[in-house]
Amino acid sequence: MAKELGVPLPPEKTEGPSSLPTFLGIELDTVMQCSRLPVDKLSSLGNTIQQVAGMEPILTKSIWYAFTALDAEKSGKVSKSQLKVLSHNLYTVLCIPHDPVALEEHFKDDDDGPVSSQGYMPYLNKYILDKVEEGAFVKESFDELCWTLTAKKNYKPNRNGNSVVPHEDAFKLWCLFNFLSEDKYPLVMVPDEVEYLLKKICTAMSIELSSGELEDYFSQEAQQQSGLTVWQFLDLVNSGRFLRGIEREAISMAVEEVYQEIIGDVLKQGYLWKKGHLRRNWSERWFTLKPSDLSYYVSEERKEKKGSISLDRNSCVEILPDKDGKRCMFCVKTASRTYEMSASDTRQRQEWTLAIQMAIRLQAESKKSLHKDLKQKRREQREQRERKKAAKEEEMQHLKHLQEEKERKLQELELLKEAQRQAELLLQEEEQRRQQQHEEMQRMLEIQLQEAEQARANTQAEMVLKEAEAERQRKRITELEEMQQRLQDALQQEVKARQDEESVRYAQARLLTEEEEKLKQLMKLKEEQEEYIIKAQHEKLVLKQEMENKSKFLEEAQQQLEEVRVNRERVDQDVMLAQQKLQQASTNVKHWNVQMNRLMHPIAPGDKRTAVSGGFPGFSPALLSRRDSSLKLKQNLEKKKSDYSFMKNGNQENLNGETEKQLQASDKKNPSSETL
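Procedures and definitions
- Residue positions are given per chain, counting from 1 as you read along its sequence in written order.
- Since the coordinates come from a predicted model, pLDDT governs what is reported: local features require at least 70, and pairs of side-chain atoms require 80 or more to be given and counted, while whole-chain, interface and lining totals use all residues.
- Side-chain numbers here rest on the full set of heavy atoms in the structure, without hydrogens or water.
- In this scheme, a residue with accessible area under 20% of its type's maximum is buried, one over 50% is exposed, and one in between is partly exposed, where area comes from a 1.4 Å probe on protein chains only.
- The secondary structure listing takes helices from DSSP runs of H or I that are at least 4 residues long and strands from runs of E that are at least 2 residues long, numbered from the N terminus.
- In this description, strands pair whenever DSSP reports at least two bridges between them.
- To define axes, lines are fitted to C-alpha atoms, for helices over the stretch in contact only, and angles between the resulting N-to-C directions are given on a 0 to 180 degree scale.
- Centres within 6.5 Å make a pair out of two Phe, Tyr or Trp rings, where for Trp the six-membered ring is used; the pair is then stacked when the planes are under 30 degrees apart, edge-to-face when over 60, and tilted otherwise.
- Ring-over charges, as used throughout, are those where CZ of Arg or NZ of Lys falls within 6 Å of the ring centre and within 35 degrees of the ring normal.
- Under this rule, positive means Lys or Arg and negative means Asp or Glu; His and the chain ends count for nothing.
- For this document, the term salt bridge refers to a Lys or Arg side-chain nitrogen within 4 Å of an Asp or Glu carboxyl oxygen.
- Within 3.5 Å is the distance limit for a polar contact, defined as a pair of N or O atoms, with the added protein rule that one can donate a hydrogen and the other accept it, and that residues adjacent in sequence qualify only through two side-chain atoms.
- Here, residues are in contact when the closest pair of their heavy atoms is within 4.5 Å.
- Here, patches come from residues exposed beyond 30% relative accessible area and free of salt bridges, joined within 9 Å for like charges and within 5 Å for nonpolar side chains (Val, Leu, Ile, Met, Phe, Trp, Tyr).
- Note on areas: these come from Shrake-Rupley sampling with a 1.4 Å probe, and a residue is covered only by the protein chains present in the view.
- Charged groups are reduced to one reference atom each: NZ for lysine, CZ for arginine, CG for aspartic acid, CD for glutamic acid.

1. Some words on helix 12 (residues 230–238)
Working step 1: Most of helix 12 is tucked away: 8 of the 9 residues are buried.
Working step 2: Val-230, Trp-231, Phe-233, Leu-234, Asp-235, Leu-236, Val-237 and Asn-238 are the residues of helix 12 that are buried.
Working step 3: Among the residues trailing helix 12, Gly-240 stands out with phi positive, at a value near 70°.

2. Here we look at the sheet that holds strand 6 (residues 282–289)
Working step 1: Sheet architecture is open: 7 strands sit in the order 8-7-6-5-11-10-9, paired in antiparallel fashion. Two strands close off the open sheet at either side, each with one partner strand: strand 8 (305–310) and strand 9 (316–320). Between one strand axis and the next, the sheet turns by 35° as a mean value, whatever way the strands run.
Working step 2: For strand 9 and strand 10 (residues 329–333), the ladder comprises 5 bridges, and the chain directions are antiparallel.

3. Brief notes about the packing of aromatic side chains
Working step 1: This model, assessed by the stated rule, comprises 13 aromatic pairs.
Working step 2: With a centroid separation of 6.3 Å and an interplanar angle of 35°, the aromatic rings of Phe-177 and Phe-233 are classed as tilted. Placement of Phe-177 in helix 9 (residues 167–180) and of Phe-233 in helix 12 is noted, with a sequence separation of 56 residues between them.
Working step 3: Note on Phe-177: relative accessible area 0%, which makes it buried.
Working step 4: Of the residues examined, Phe-233 reaches a relative accessible area of 0% and is grouped as buried.
Working step 5: With 4.9 Å between their ring centres and 80° between their planes, Tyr-271 and Trp-286 make a pair best called edge-to-face. Note that Tyr-271 is positioned in strand 5 (residues 268–275) and Trp-286 in strand 6, a separation of 15 residues in sequence.
Working step 6: Positioned above the aromatic ring of Trp-273 is the side chain of Lys-326, whose terminal nitrogen or guanidinium carbon lies 3.8 Å from the ring centre.

4. Concerning the pairing of strand 11 (residues 338–342)
Working step 1: Within strand 11, 4 of the 5 residues are buried, leaving the element largely enclosed by the surrounding structure.
Working step 2: Direction of pairing for strand 10 relative to strand 11: antiparallel, over a ladder of 5 bridges. Residue pairing in the sheet places Lys-333 in a bridge with Thr-338 of strand 11.
Working step 3: Joining the antiparallel neighbours strand 10 and strand 11 is a turn of 4 residues.

5. Observations regarding the side chain of Lys-375
Working step 1: Mapped onto the elements, Lys-375 comes out in helix 15 (residues 370–600).
Working step 2: As a buried residue without a salt bridge, Lys-375 has its nearest oppositely charged side chain in Asp-183, at a separation of 4.3 Å.
Working step 3: Side-chain polar atoms of Lys-375 contact the backbone oxygen of Phe-179, separated by 2.4 Å.
Working step 4: Excluding residues within four positions of it along the chain, Lys-375 makes contact with Lys-61, Phe-179, Leu-180, Ser-181 and Asp-183.

6. Re a nonpolar patch on the surface
Working step 1: On the surface, a cluster of nonpolar side chains totalling about 280 Å² of accessible area is made up of Met-396, Leu-399 and Leu-402.
Working step 2: As for its placement among the helices and strands, Leu-402 is situated in helix 15.

7. Brief notes about the pattern of salt bridges
Working step 1: Scanning all chains against the criterion turns up 33 salt bridges.
Working step 2: Of the charged contacts, one joins Glu-193 and Arg-382 as a salt bridge, the two residues approaching to 2.5 Å between their closest N and O atoms. Placement of Glu-193 in helix 10 (residues 191–204) and of Arg-382 in helix 15 is noted, with a sequence separation of 189 residues between them. Each member of the pair, Glu-193 as well as Arg-382, is classed as buried.

8. Some thoughts on a negative patch on the surface
Working step 1: On the surface, Glu-380, Glu-383, Glu-386 and Glu-393 cluster together into a negatively charged patch.
Working step 2: Judged by relative accessible area, Glu-386 falls into the exposed class, the value being 52%.

9. Some thoughts on the side chain of His-371
Working step 1: Within the secondary structure layout, His-371 lies in helix 15.
Working step 2: Only 3.2 Å separates the side chain of His-371 from the side chain of Glu-261, close enough to count as a polar contact.
Working step 3: Filtering out sequence-adjacent residues up to four positions away, His-371 remains in contact with Phe-179, Tyr-196, Lys-200, Glu-261 and Ile-262.

10. Quick notes on unusual backbone geometry
Working step 1: For Arg-280, which is not glycine, the phi torsion reads 60° and is therefore positive.
Working step 2: Summarising the element assignment, Arg-280 is placed in the loop between strand 5 and strand 6.
Working step 3: At Cys-328, a position not held by glycine, the phi torsion is positive, near 55°.
Working step 4: With relative accessibility at 3%, the residue Cys-328 sits in the buried group.

The quantities given are spatial measurements derived from coordinates; they are silent on function.
Here it is as structure tokens:
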């Protein structure tokens, strides 16, 4: 990598045994030959780690700090002895079985040069990172190893002459930085995440963060607007710029609380009273809520763990009424047991119930960490803001382009105006030239007019001569007119003779005309006679057709009459059938009336009187049934009568007469129906 980046290789180093202090089995002075690399080299190294290591981003971020801390020459390469010690300690803290054969085989001294990241990362990925199991190691110990490697040279708490946070709190802030930083190398934390972390720390101390000072801090340098490195962030906290007048103990407690919440996934912790399961007594315990469980300890030092409540999507939390001298009670229900607890006040109970409900919701959504989800949402919001900002900038660019286009068009308009002014000048010159031509033409016309006046004078002289000639011609005309008058008189005489002849011819033509008129009248009479004959023949044909139609209609009427007679016979048969059914119904009614009378008047023991029908006086069930039968018969006959209403009046009257006779016969058979 050093050769690719254009950095000269360092001279060969000799390693030997050392008696310097160690941490987790690593010789500090041996490996702490670290310094910060240039930004482009750090980015290349970080991308290599991110591509090779298929681990959680926070784990690879810590390894990135540990690896870059070993490159003392800023060349992108690390000595093999340092990488051996680093790998051995990674085996230890990640609880992975040691493989010394693979380690020695990979780092055998086949050459004297150091190893680049591209040569070390395949081994790290294959023999270390791929074997890491989640929950099998202590994450805090792993972070302490990486922090120890990178903090000795890079972290200087007294570089500004003061220090707000101790070394342990700086380690926790470093872990928080790794969690909230972007997944890009070199690692930086964007201003929004810096503000979020500082606000969390200030909220834990019940103070308010001054957003204006933070904005001023980021606006001082353009490089800080894109984000802060971890060392810039620690310098910012140690400067006391946002934590003036606050004791170090309060800051340490706030950092510890935020560290437990974000890194330890502690949603809430505090003292609660818990009711025992067997002894049923109340004990005060320190509770710690995580997304997967609710653990409780004897005290807040969390040295002696008393138990744990596993939470899943089927768990729930409920508010309980006060009892047993306890107030602000609630319970957590799981599949196996119900845990009763009591808070110090109503606010604490509400905070605990909401936090437990959030943990249950995370379990239902298969989410292991609340702050990872919140970090992802904040990142999406930032990306959305960036997209909106980019869209706004694009719109501004578009407006700028439109403005430039407008200015270009204005310039073109100015050019057009200048061309118009040039055209107006040319037009004025053309107008002057035309004016000169007009004046010259006017002078020529005046000359021609003078010539015309001279010609007119000559013409008048010629006219005098021609008038004298005309006088002579008039005398000649007078003589000719007299001769013409004489000729007209002779012509009139001849015309009169011809008129007499014409009058005789007119009288003869009038007689011929009268004779033609009489002949026309005779022909007209003959034509009218022929038309009358044709009309009479047509009327005869129409009468004949009407007679045929009437004959057909008469035949159809006879057929309809025959159908009516057939229908009448069918109706007579239906009436006979109805009478038979009526008689049968009357017989059945009589039989059932007798049975009814027997049932209505049971014979008592020793009673020999004849059975007398009871009920209302004059009531006879047999008569009632017969009356009903006759009514139904009337209804049926009326219905049939309406169906055949198109029959002739005589047939209809006969049918009605027969129907009425049948009804009268039925009434005679049932004389008591009228009384009913």
